[in-house]
Amino acid sequence: MRQEVLRLENVCKRFGGIVVADNISLSLHAGDVLGLIGPNGAGKSTLFNLISGLFRPDTGRIYLEGQLLTGPLHRRARAGVARTWQHMRLFRTMTVLENMLVGPREYPGESMLRSMADTGSLRRAEAAARNRAMHVLERMGLAHTAGTIVVDLPFGQQKLIGVARALMNDGRCLLLDEPMAGVEGSNYETMQRIVRDEAAAGRAVCVVEHNVSFIKDLCTEAVFMSYGRILQRGSVDDLTQSRELTELYFGAADA
Amino acid sequence: MEYLASTGVLIGIYIILATSYNLIIGYGGLNTIAHPIFFALGAYTAALLGIDTGLPAVICIAAGIGVAVVASVALAVTTLRVSGDYLLIASLGFQLGLLQAVNNLDFTGGPAGLSNIPLTLGGPARGWLYLMITAALALVVIWLAQRSMAGPFGRAVRAMRDDEVACAALGRGPFAMKVVIFAFGCGAAGLAGGMYAYYYQYISPEQFNVAQSATILTMVVLGGLGTIWGPVIGAFVLVALPQAITFLQLPSSLVGPLQGLIFTSLVIVFLFLRPQGLVGTPVAGAAP
């Protein structure tokens, strides 16, 4: 049995009268690539926000590798929840490499005094992070962009940098929010390869995506969400062939 | 020549103020306008200690820095959880409220201020001595700003400025970083205040009002937000310019409005034509 990485138990969240997460229970194992599909407003991104700590659940618990996940965003990132954003949220005045170097979980330069003292151990940690960043960029074929201001890159490459930055976290859980929106051609291939490699390395990956063929190519399983609830979990083929679910997704044919 | 030295001291004090304000607003992206009040806290603490206890100036000025830091942490802990426009308003309230208190309390001398600050480093070379000390302190503040922003801490601070949520989601807690740069910047303003009080031997509330925020902000914007040398150049230009205008020998009824006109035009022209300031590199995606 592969190790369980992420577990959600009866997670509920409402904003006023709108239920955005309705008793969500979910389990992800090392090596899983789970697709999260459903119509707009189904609560897919909200689920990511609940796991990564942007929102706190009203009730329910979330565990990472058996440990209860609590606290704000930065604590959960340090526990090993890495995520990307649909709109990338890159640091727009900074270079690609600088964007990457904000990402390591262990960051000895967080203290201003330690950062200014520039000790040997700090310099070694920085050099190690730099090497790791360059290695991740090489895997994406983007090593040559390291010194470029990130918003000067083409859109597809910015999407890849968003994922690359999250990989600097090196946590067990990787949440990808619409990684393929606006990505095509060779960047599409790269994205697929990276996601596969990360899962093979023992990470639990969860992907919110509207590109069904991407999900089909990549995901072992998928979850269909609607109105904050998980309606069904199963193989991607089962879900896309279900008449009931496709009607929810695309609207009923006779509507 | 004394005139040159005194202009130099003023430039040095403004370099400290503009550099520290730039750390907070330019690098940290924390929109506060309450910088003059920390300048005032440093000045008043140093002056009152000097007058009442006769302790050496170094100790009085150090105490001024301490009070500015403590007050800034108090403001930070209560208001830095909000950001953007809310912080701007909270800082405005802090600036106006505290200065109003200084203006009305007895022990601060009220609107008349404090004028009997002990003479320190007297003698014919006084101006030049102060110039050297202020210049050295300004260099130290510039060096500290450069050191702190060049390394991994500065990188995380700039990331927070660009996108606080994304930065937090990578593991960098924004709150601690905000408190630290705020305390550091305000402590430096306190240092500038202490130097100011001891050099001029006279302080009054109107020297620390909101107009002072505008002056320091103009220096930072003109020189270049988020750059090390921008605020330094801004301080030179904005101290030297009014002095140059007085050399034109215009009637005094014209000088005041003319200065206001030039300052305001400078800010508008720079924000439209060169938002990165004199020394900044153009920000990607900004208007050319």
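Residues numbered from 1 in each chain as written. Chains lettered and ligands numbered in written order. Predicted model: local features only at pLDDT ≥ 70, side-chain atom pairs only at ≥ 80, totals over all residues. Heavy atoms only, no water.

With respect to the overall build of chain A
For chain A, the helix and strand inventory stands at ten helices and ten strands. By the compact-globule yardstick of 18 Å for 255 residues, chain A fits well, its C-alpha radius of gyration being 19 Å. Projected onto its principal axes, the C-alpha positions of chain A cover 65 × 40 × 40 Å. Across the 255 residues that make up chain A, the buried fraction comes to 52%. Contacts spanning at least 24 positions in sequence make up 69% of the contacts within chain A whose residues lie at least 6 apart. On chain A, the mean spot of the 30 positive side-chain charges and the mean spot of the 28 negative ones are 7 Å from each other. (Helix = DSSP H or I, 4+ residues; strand = E, 2+ residues; numbered from the N terminus. Rg over C-alpha atoms; globule rule 2.2 N^0.38 Å. Buried < 20%, exposed > 50% of the residue type's maximum accessible area, 1.4 Å probe, protein only. Contact = heavy atoms within 4.5 Å. Lys, Arg positive; Asp, Glu negative; His and termini not counted. Charge placed at Lys NZ, Arg CZ, Asp CG, Glu CD.)

A look at the packing of helix H2 (residues 36–53) of chain B against helix H4 (residues 85–104) of chain B
All names here are of chain B. With their axes 9 Å apart at the nearest point, H2 and H4 run at an angle of 30 degrees to one another. For the element pair H2 / H4, the angle class is roughly parallel. Between H2 and H4 the crossing geometry is left-handed. Taking contact as the criterion, the partners of Pro 36, Ile 37, Phe 38, Leu 41 and Tyr 44 in H2 are, on H4, Phe 94, Gln 95, Leu 98, Leu 99 and Val 102. (Axes fitted to C-alpha atoms, helices over the stretch in contact; angles between N-to-C directions. Parallel < 35°, antiparallel > 145°, perpendicular 65-115°, else oblique. Left-handed = near helix turned anticlockwise from the far one by under 90°.)

Observations concerning the environment of Gly187(B)
Residue and element names in this part refer to chain B. Positionally, Gly 187 belongs in helix H8 (residues 174–200). Along the backbone, Gly 187 and Arg 161 are 26 residues apart, and their C-alpha atoms lie at a distance of 21 Å. Once you skip the residues sitting within four places of it in the chain, Gly 187 turns out to touch Ile 65, Ala 68 and Val 69.

A few points about the pattern of salt bridges
The tally for this structure, following the rule as stated, stands at 20 salt bridges over all chains. Across the pair Glu98(A) and Arg158(B) runs a salt bridge whose closest N-O atoms are separated by 3.1 Å. Separated into two different chains, Glu98(A) in helix H3 (residues 96–101) and Arg158(B) in helix H6 (residues 152–162) make up a pair that spans both. For Glu98(A), a relative accessible area of 21% gives the class partly exposed. (Salt bridge = Lys/Arg side-chain N within 4 Å of Asp/Glu carboxyl O.)

Notes on the sheet that holds strand S9 (residues 221–226) of chain A
All names here are of chain A. Sheet architecture is open: six strands sit in the order S6-S7-S8-S3-S9-S10, paired in mixed fashion. Of all strands in the sheet, those with a lone pairing partner are strand S6 (81–83) and strand S10 (229–234), marking the two edges. Across the sheet, the mean angle separating the axes of adjacent strands is 20 degrees when strand polarity is ignored. Alignment of S6 against strand S7 (residues 173–177), held across three bridges, turns out to be parallel. In the strand pairing of S7, Ala 82 is matched with Leu 174. Contacts from helix H10 (residues 243–250) reach strand S3 (33–37), S9 and S10 within the one sheet, and its direction differs from that of S9 by about 55 degrees. (Pairing = 2+ DSSP bridges.)

Digging into helix H7 (residues 186–200) of chain A
Residues and elements named next belong to chain A. With 15 residues, H7 extends 21 Å between its outermost C-alpha atoms, agreeing within 8% with the 21 Å of an ideal straight helix rising 1.5 Å per residue. Every buried residue of H7 is listed here: Asn 187, Tyr 188, Thr 190, Met 191, Gln 192, Ile 194, Val 195, Glu 198 and Ala 199. Against the buried residues of H7 lie S3, helix H5 (120–139), helix H6 (155–167), S7, strand S8 (204–208) and helix H8 (212–218). Immediately downstream of H7, the backbone of Gly 202 shows phi near 100 degrees, a positive value. (Expected span 1.5 Å × (residues − 1).)

As for the interface of chain A and chain B
Across the boundary between the two partners, chain A contributes 35 residues, which contact 28 residues of chain B. Interface area, chain A with chain B, both sides summed: about 2,800 Å², of which 61% is carbon and sulfur. Summed over the shared surface of chain A and chain B, the result is four salt bridges. The partner of Arg155(B) in a salt bridge is Glu126(A), with the nearest N and O atoms 2.6 Å apart. The tally of links from chain A across to chain B stands at 18 residue pairs in polar contact (both at pLDDT 80 or more). At the level of elements, helix H2 (73–79), S6, H3, helix H4 (112–117) and H5 of chain A are the ones that each hand at least two residues to the side of chain A that touches chain B. Along the lines of polarity and charge, the residues of the side of chain A that touches chain B split into 17 nonpolar, six polar and twelve charged. (Buried area = accessible area lost by both parts, 1.4 Å probe. Polar contact = N/O pair within 3.5 Å; in protein donor to acceptor, adjacent residues only side chain to side chain. Nonpolar A, V, L, I, M, F, W, Y, C, P; charged D, E, K, R; others polar.)

As for the pairing of S9(A)
Residues and elements named next belong to chain A. The buried fraction of S9 is high, at five of six residues. Both S3 and S9 contribute to a ladder of four bridges, which runs parallel. Residue Leu 36 lies in a different strand from S9, and its bridge partner there is Val 223. Relative to S10, S9 runs antiparallel, the two sharing five bridges. Looking at the pairing, Val 223 lines up with Arg 233 of S10. Hairpin connection, S9 to S10: the antiparallel pair is bridged by two residues, and Tyr 227 has positive phi, about 50 degrees.

A word on the packing of aromatic side chains
The geometry of an aromatic ring pair is captured by the separation of the ring centres together with the interplanar angle, meaning the angle of the planes. Per the counting criterion, the structure on display carries 13 aromatic pairs over all chains. When the centroid spacing of 5.7 Å and the interplanar angle of 80 degrees are considered together, the rings of Tyr188(A) and Phe214(A) count as edge-to-face. Of this pair, Tyr188(A) sits in helix H7 while Phe214(A) sits in helix H8; the two residues are 26 residues apart in sequence, bridging distant segments of the chain. Like Tyr188(A), the residue Phe214(A) is buried in the burial classification. Among the aromatic residues, ring-to-ring pairing joins Phe39(B), Tyr44(B), Tyr130(B), Tyr196(B), Tyr199(B), Tyr200(B) and Phe208(B) into one connected group. A cation over a ring is seen here: Arg89(A) above Trp85(A), with NZ or CZ 5.0 Å from the ring centre. For the cation-ring pair, Arg165(A) lies above Phe91(A), with the distance from its terminal atom to the ring centre recorded as 4.6 Å. (Phe/Tyr/Trp six-rings, centres within 6.5 Å; stacked < 30°, edge-to-face > 60°. Lys NZ or Arg CZ within 6 Å of the ring centre and 35° of its normal.)

Observations concerning the nonpolar core
Judged by nonpolar contacts, the single largest core of 92 residues is most densely connected at Phe38(B), Phe182(B), Ile203(B) and Phe208(B). For Phe208(B), the contacting residues outside a window of four places in its chain are Pro36(B), Phe39(B), Ala40(B), Ala43(B), Tyr44(B), Gln95(B), Leu99(B), Tyr196(B) and Ile203(B). By size, the runner-up hydrophobic cluster in this structure holds 46 residues, among which are Val33(A), Ala82(A), Val96(A) and Met180(A). (Core = buried A, V, L, I, M, F, W, Y, C linked by side-chain atoms within 4.5 Å.)

Focus on the confidence of the model for chain B
Averaged over every residue, the pLDDT of chain B is 92; the share at 70 or more is 97%. Predicted confidence for residues 284–288 of chain B stays below pLDDT 50, and this span has five contacts to residues more than four positions away or in other chains. (pLDDT = per-residue confidence, 0-100.)

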